[in-house]
Amino acid sequence: MRKEKIIVTSALPYANGPIHLGHLAGAYLPADIFVRYKRLRGADIIYICGTDEHGVPITIEAEKKGISPKDIVDKYYKIHKESFEKFGIKFDNFSRTTLKIHYETSQDFFLKLYEKGFLKKKRTKQLYCPKCKRFLADRFVEGICPYCKKKGARGDQCENCGKWLEQTKILEPKCKICLTTPIIKETYHWYIPLGNFQEKIKNWILSKKGWRENVINFCLGWFNEGLEDRAVTRDLEWGVPVPLEEAKGKVLYVWFDAPIGYISSTKEWAIKNGTPDRWKEYWKNPDAKLYHFIGKDNIVFHAIFFPIMLMGYGEFNLPDNVIANEFLNLEGQKISTSRNFAVWLDDYLSKFPPDPLRYALTTILPETRDTDFSWKYFQERNNSELADILGNFINRTLSFVKVNYDGVVPLPGEFNENDREILDRIYTFLDNSGRMIENFEFRKAILEVMNIARLANKYFNDEQPWKTIKGNPERCRTTIYLCLEITRVLALAIYSFMPFSSGKILKMLNLDKWKDKLNWTEFLNEKLRGGHKLGEPFILFKKIEDKDIIPEIKKLEGVLDMSEKKEEKPEPELIDINEFMKVDLRVARVLKAERVPKTDKLLKMEVDDGKGKRQVIAGISEQYSPEDMVGKNIVIVANLKPATIRGIQSNGMLLAAVSDDDLSLITVEKDIPAGSRVR
RNA sequence: GGCGGUGUAGCUCAGUAGGCCAGAGCAGCGGAAUCAUAAUCCGCGUGUCCGGGGUUCGAAUCCCUGCACCGCUACCA
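Not measured: the values here are computed from a predicted model.

(A) Structural context of the overall build of chain A. Across its full length, chain A carries 21 helices and 26 strands. The contacts in chain A between residues at least 6 apart in sequence include a share of 73% that link residues at least 24 apart. For chain A, the accessible surface area stands at approximately 33,000 Å², while carbon and sulfur atoms represent 50% of it.

As structure tokens, this is what we get:
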């Protein structure tokens with residue numbers, strides 16, 4: 001049989017921050033399990049990844065820190081690479097998008113699409129910051145919305161009315177970085193007319209079997225909206241230069257060059273191996289399979305944009321499956337990089353071994369929906385499953401051999417019916433597990449693996465070798481031999497999920513020759529022989545104590561507390577009395593009050609400010625009903641510029657004390673005429 | 001308020017071409033055993049499948065509606 005040829009990719013991690021648990025569960029761990037398994041089964045498979053090192057966020061980050069983008073990406077490339085290695089994510093190549101080979105590959109891609117006439121050149125007017133000396137990306141422009149005249153409009157969308165904007169239409173635009181007023185400058189970019197490919201790509205996706213529902217649905221959503229032209233170039237310095245004379249100072253947009261990173265990383269791998277053309281065997285060979293493992297935020301790029309690019313180029317294989325995972329939550333909350341609410345891989349690895357996390361995460365991979373990781377859960381999986389069930393079985397077996405057979409595999413007698421049945425069931429679990437991995441059902445697969453250990457414990461118990469060793473030594477030898485065989489099978493079964501522990505079992509069995517050379521069929525065929533001297537047994541999984549995880553839990557709680565406090569206190573600054581006196585605070589009596597329809601909190605009130613009536617809007621109706629308000633003496637800011645909220649004019653602001661989720665009105669203690677000054 | 005998601009045993013989650021008396025792991029309870037990291041093995045769940053309607057011979061699974069929670073978003077001038 002010809003070897004299956006497969007190339008697997010995991011989303012390129014962005015090089016502006018370390019890896020956390022969510023990334024692992026989404027893209028790296030499942031892919032690694034899959035690759036390890038297929039390799040066991042003899043597939044010709046390569047696992048490709050690398051860091052994504054372009055894009056605006058990195059340049060911003062660099063500016064903030066006063067260093068170059070290169071410094072940032074160098075730093076994170078190193079961190080990523082090391083963490084992945086320590087965690088056992090075993091890429092065949094871990095490249096980076098700042099390498100020459102990537103520049104060449106991306107430029108070739110662009111040129112090909114250009115020459116085939118797929119790219120549209122369009123002139124546009126864009127905002128340019130003279131101080132920063134660059135064109136401003138949409139989200140770095142802020143100004144006043146031309147439609148609702150409100151502040152806070154960003155380059156792409158008005159925060160207030162939700163309208164989609166062209167950044168050049170914004171009134172009083174400001175560069176978000178330096179607050180300089182940008183000028184409008186004409187520029188031009190190349191676009192991929194995605195719409196032209198819509199029918200083709202849609203039919204292609206619908207023809208796919210075995211794709212996850214979340215991926216299909218997500219794409220259908222995009223098709224409903226209709227695909228539009230998408231710019232593939234940017235006016236930036238940091239990135240892959242557009243390879244055209246007329247495009248000086250322009251680079252490829254990061255989403256264009258990032259997926260090409262899969263290809264350039266494969267090329268780099270081929271060169272490193274001294275077979276520079278071999279990358280084509282995976283990318284341009286119709287018999288080879290291509291699988292992308294990603295998080296759900298990346299679906300559109302891998303299931304729509306990148307395939308369209310590949311289609312446009314021609315010659316390349318399209319992905320056979322895009323395996324997208326949902327998100328992993330942490331202690332019931334969303335992981336947040338910016339708030340530092342996350343478990344960082346490098347940090348984890350400085351305290352715990354990799355396999356327990358690989359195990360715990362695999363049991364809760366967000367395959368069909370968001371799932372939740374907690375330290376308590378992690379501890380429980382480790383202690384009551386890895387240590388108690390799996391580790392304990394191996395330990396009781398090996399200890400028994402050490403004590404009673406001097407660490408030598410006993411010669412078994414004839415297998416009885418039960419022995420044969422047990423073995424049969426063990427192999428069934430093993431096969432099931434494999435089949436499930438092929439279907440990308442990793443959670444089910446690891447459950448099957450644990451079933452092997454569960455059944456093994458039962459067998460040990462039922463056979464009572466500690467008794468038969470006295471009354472029926474042959475039965476005992478057979479039992480123990482079989483337990484050793486199961487231990488050996490376990491080394492194979494857990495390999496894809498927990499490679500480090502697999503290696504340890506092999507070592508204890510003195511089967512080191514298989515280390516990193518496991519092959520499913522051959523390994524299963526080479527049974528243990530009586531008389532084989534085993535290695536020294538040791539504890540496979542140590543228990544994780546409360547004291548080990550409590551600091552981790554505390555740390556996360558601390559992060560939450562911190563971020564709450566931060567929001568509360570935006571650093572009060574001292575002002576003088578004159579400044580305060582500018583604020584005209586007055587007592588006002590509420591005459592009428594009613595809810596503003598279709599809002600959660602807005603209350604419209606008519607108040608008497610001493611001189612007359614005025615209308616005031618306030619967001620208090622979660623705490624106060626209209627009836628509560630009528631007749632109350634409240635305090636308002638009387639000299640505030642009028643504003644329009646939800647189309648209703650508000651002439652003044654009502655004062656209230658605000659805490660996290662409660663709100664208390666400021667009123668006056670005695671009856672005092674409306675219009676009295678508050679100071 | 002808008003968009004999207006979720007709501008199944010104490011916990012984490014399975015479970016759609018609608019149909020065996022609704023499941024797994026862990027936790028818990030009772031018992032057995034003592035080789036083993038006080039580990040293991042056996043036994044034990046009448047769960048309003050969020051509520052209410054409807055379609056159907058039959059729905060956790062389809063439709064409508066309500067509620068709750070989560071995320072994004074708007075509003076909280």
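What follows picks up the thread again.
(B) Looking closely at the sheet that holds strand β10 (residues 229–231). Judged by pairing direction, the sheet is antiparallel, and its four strands sit side by side in the order β5-β4-β9-β10 without closing on themselves. Each of the sheet's edge strands pairs with one partner strand only, and the pair in question is β5 (134–135) and β10. Sheet analysis places strand β4 (residues 120–129) next to strand β9 (residues 183–193), joined by nine bridges and oriented antiparallel. Considered in β9, the bridge of Y128 is made with I183.

(C) Main features of the sheet that holds strand β2 (residues 44–51). With respect to topology, five strands assemble into an open sheet ordered β3-β2-β1-β13-β14, the strand pairing being parallel. The open sheet terminates on both sides in strands that have one partner only, identified here as β3 (93–96) and β14 (321–325). Taken pair by pair, the neighbouring strands of this sheet meet at an average axis angle of 20°, ignoring direction. Pairing of strand β13 (residues 289–295) with β14 involves five bridges; the strand directions are parallel.

(D) Up close: empty space enclosed by the protein. In total, this model carries five cavities of 30 Å³ or more according to the counting rule given. Counted as a void, the second largest cavity has a volume near 40 Å³. What lines the second largest cavity is L12, C49, G50, T51, S95, R96, T97, H102, G261, S264 and S265. Secondary structure elements with two or more residues in the lining of the second largest cavity: β2, β3 and α7 (254–272). For the lining of the second largest cavity, a count of residues per class yields two nonpolar, eight polar and one charged.

(E) Geometry of the pattern of salt bridges. Applying the stated criterion across every chain yields a total of 47 salt bridges. In this structure, K284 engages E315 in a salt bridge whose closest nitrogen and oxygen atoms are separated by 2.6 Å. You can see K284 sitting in the loop between α8 (279–283) and β13 and its partner E315 sitting in the loop between α9 (299–313) and β14, a full 31 residues away along the chain. In this structure K284 comes out as partly exposed when scored by relative accessible area, which is 25%. Overall, the relative accessible area of 48% leaves E315 in the partly exposed class. Linked through salt bridges whose partners overlap, the residues forming this network are K5, D44, R278 and E281.

(F) Region of the structure containing the pairing of strand β19 (residues 613–619). When strand β18 (residues 602–608) meets β19, the two strands line up antiparallel, connected through seven bridges. Each bridged residue has a counterpart across the sheet, and for L602 the counterpart in β19 is G619. Taking the residues that link successive antiparallel strands as the turn, the β18-β19 hairpin has four residues, and the phi of G610 there is positive, at about 100°.

(G) Seen up close, the packing of helix α16 (residues 473–495) against helix α17 (residues 499–508). In the contact formed by α16 and α17, the axes pass within 8 Å of each other and the chain directions differ by 160°. Classed by the angle they form, the pair α16 and α17 counts as roughly antiparallel. Judged by the sense of rotation from one axis to the other, the crossing of α16 with α17 is left-handed. Facing T487, A491, I494 and Y495 of α16, the residues of α17 in contact are P499, S501, S502, I505 and L506. Across the contact of α16 with α17, the residue classes tally to six nonpolar, three polar and no charged.

(H) Representation of a nonpolar patch on the surface. Taken together, the side chains of I577, F580 and M581 make up a nonpolar region of the molecular surface, amounting to roughly 260 Å² of accessible area. Within the secondary structure layout, M581 lies in helix α20 (residues 577–581). On the basis of relative accessibility, which here comes to 33%, the residue M581 falls in the partly exposed class.

(I) Expanded view of the side chain of Q198. With respect to the secondary-structure elements, Q198 resides in helix α5 (residues 198–206). The contact partners of Q198, leaving out residues within four places of it in the chain, are F223, G226 and L227.

(J) Broad picture of the environment of R435. Topologically, R435 is positioned in helix α13 (residues 417–438). Sequence-wise, R435 and L365 are 70 residues apart; in three dimensions their C-alpha atoms are separated by 17 Å.

(K) Representation of the environment of P259 within the structure. Along the chain, P259 falls in helix α7. Apart from the residues lying within four places of it in its own chain, the contact partners of P259 are V254 and F306.

(L) Seen up close, the side chain of D44. Counting through the fold element by element, D44 comes out in strand β2. The class for D44 is buried, based on a relative accessible area of 15%. Side chain to side chain, D44 and K5 meet in a polar contact 2.5 Å long. Residue contacts for D44: discarding those within four places in its chain leaves K3, E4, K5, I6, R278 and Y282.

(M) Highlighting the packing of aromatic side chains. Tallied over the entire structure, the rule returns 43 aromatic pairs. With 5.4 Å between their ring centres and 85° between their planes, F34 and Y291 make a pair best called edge-to-face. Linking F34 in helix α1 (residues 21–40) with Y291 in strand β13, this pair joins segments that are 257 residues apart in sequence. Assigned by exposure class, F34 and Y291 land together as buried. Judged by centre distance (6.2 Å) and plane angle (45°), the ring pair of F373 and F378 falls under tilted. The pair F373 / F378 is uniform in exposure class, with both members buried. Site record: aromatic cluster; members linked through ring pairs are Y28, Y47, Y77, F84, F91 and F94. Just above the ring of W279 sits the side chain of K267; from NZ or CZ to the centre is 4.7 Å. The aromatic ring of F87 is capped on one face by R358, whose charged end is 5.8 Å from the ring centroid.

Parameters and conventions
Residues numbered from 1 in each chain as written. Chains lettered and ligands numbered in written order. Predicted model: local features only at pLDDT ≥ 70, side-chain atom pairs only at ≥ 80, totals over all residues. Heavy atoms only, no water. Helix = DSSP H or I, 4+ residues; strand = E, 2+ residues; numbered from the N terminus. Contact = heavy atoms within 4.5 Å. Areas by Shrake-Rupley, 256 points an atom, 1.4 Å probe, with all protein chains shown as cover. Pairing = 2+ DSSP bridges. Axes fitted to C-alpha atoms, helices over the stretch in contact; angles between N-to-C directions. 1 Å grid on protein atoms, 1.4 Å probe; cavity = no way out; pocket = protein on both sides within 12 Å on 5 of 7 lines; lining within 4 Å. Points joined across faces, edges and corners; volume = space filled by probe spheres on them. Nonpolar A, V, L, I, M, F, W, Y, C, P; charged D, E, K, R; others polar. Salt bridge = Lys/Arg side-chain N within 4 Å of Asp/Glu carboxyl O. Buried < 20%, exposed > 50% of the residue type's maximum accessible area, 1.4 Å probe, protein only. Parallel < 35°, antiparallel > 145°, perpendicular 65-115°, else oblique. Left-handed = near helix turned anticlockwise from the far one by under 90°. Patch = residues over 30% accessible without salt bridge, like charges linked within 9 Å, V, L, I, M, F, W, Y side chains within 5 Å. Polar contact = N/O pair within 3.5 Å; in protein donor to acceptor, adjacent residues only side chain to side chain. Phe/Tyr/Trp six-rings, centres within 6.5 Å; stacked < 30°, edge-to-face > 60°. Lys NZ or Arg CZ within 6 Å of the ring centre and 35° of its normal.

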